[in-house]
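# Reading the structure
Here is how the chains run, residue by residue.
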Amino acid sequence: MTITNESGMKIRQLPLASRPATTPSQKKTADTAANRLTALSDADDITQQGLHTAQSSLDGDDSDSVDTTHVAQMQALLAADDFTVDTDALAASMLTFFQS
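Remember, predicted model here, so these are calculated numbers, not experimental data.

Summing up its helical and strand segments, the protein has three helices and zero strands in all. Reading the protein from its N terminus to its C terminus gives the helix and strand order α-α-α. Of all 100 residues assigned to the protein, the portion counted as buried reaches 0%. Carbon and sulfur atoms form 58% of the exposed surface of the protein, whose accessible area is close to 9500 Å².

Moving on to the packing of aromatic side chains. Throughout the structure, instances matching the rule amount to one aromatic pair. Arranged with centres 4.9 Å apart and planes meeting at 85°, the rings of Phe 97 and Phe 98 form a pair that is edge-to-face.

Predicted confidence across the protein gives a mean pLDDT of 75, with 55% of residues reaching 70 or more. Per-element mean pLDDT across the protein ranges from 70 in helix H1 (residues 24–59) up to 93 in helix H3 (residues 87–99).

Another aspect to go through is unusual backbone geometry. Of note in the backbone geometry, Asp 81 takes a positive phi value of approximately 55° without being a glycine. Along the chain, the position of Asp 81 falls in the loop between helix H2 (68–79) and H3.

A word on a nonpolar patch on the surface. Together, Leu 77, Leu 78, Phe 83, Val 85, Leu 90, Met 94, Phe 97 and Phe 98 line one region of the surface with nonpolar side chains, adding up to about 820 Å² of accessible area. Listed by contribution, the elements that provide at least two residues to the nonpolar patch are H2 and H3. Here the nonpolar patch gets four residues from one element, more than from any other, and that element is H3. Examined against the element boundaries, Leu 77 turns out to sit in helix H2.

Conventions used here
- Residues numbered from 1 in each chain as written.
- Predicted model: local features only at pLDDT ≥ 70, side-chain atom pairs only at ≥ 80, totals over all residues.
- Heavy atoms only, no water.
- Helix = DSSP H or I, 4+ residues; strand = E, 2+ residues; numbered from the N terminus.
- Buried < 20%, exposed > 50% of the residue type's maximum accessible area, 1.4 Å probe, protein only.
- Areas by Shrake-Rupley, 256 points an atom, 1.4 Å probe, with all protein chains shown as cover.
- Phe/Tyr/Trp six-rings, centres within 6.5 Å; stacked < 30°, edge-to-face > 60°.
- pLDDT = per-residue confidence, 0-100.
- Patch = residues over 30% accessible without salt bridge, like charges linked within 9 Å, V, L, I, M, F, W, Y side chains within 5 Å.
- Salt bridge = Lys/Arg side-chain N within 4 Å of Asp/Glu carboxyl O.

So this is what it looks like as structure tokens:
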């Protein structure tokens, strides 16, 4: 892959020996970024654990609990573009669900 600048000139990577040395402030910035990445990794682990738990519960779920008639009605409404949402009722329902 060739990288060029705005005028079309090819941009090359400098050899390691000719790169400028890292300053203390750059090192501190890099350390701070590494700490943030570690925190994000921990958050990703928690998210992955949650997703795994949810998938496990879905895997054990009985497919008979799906109301295929209701699904077909919803698909027909969506296909006909005749579907409206009461956003106030939806928001209230979401708040009630997440506050309990």
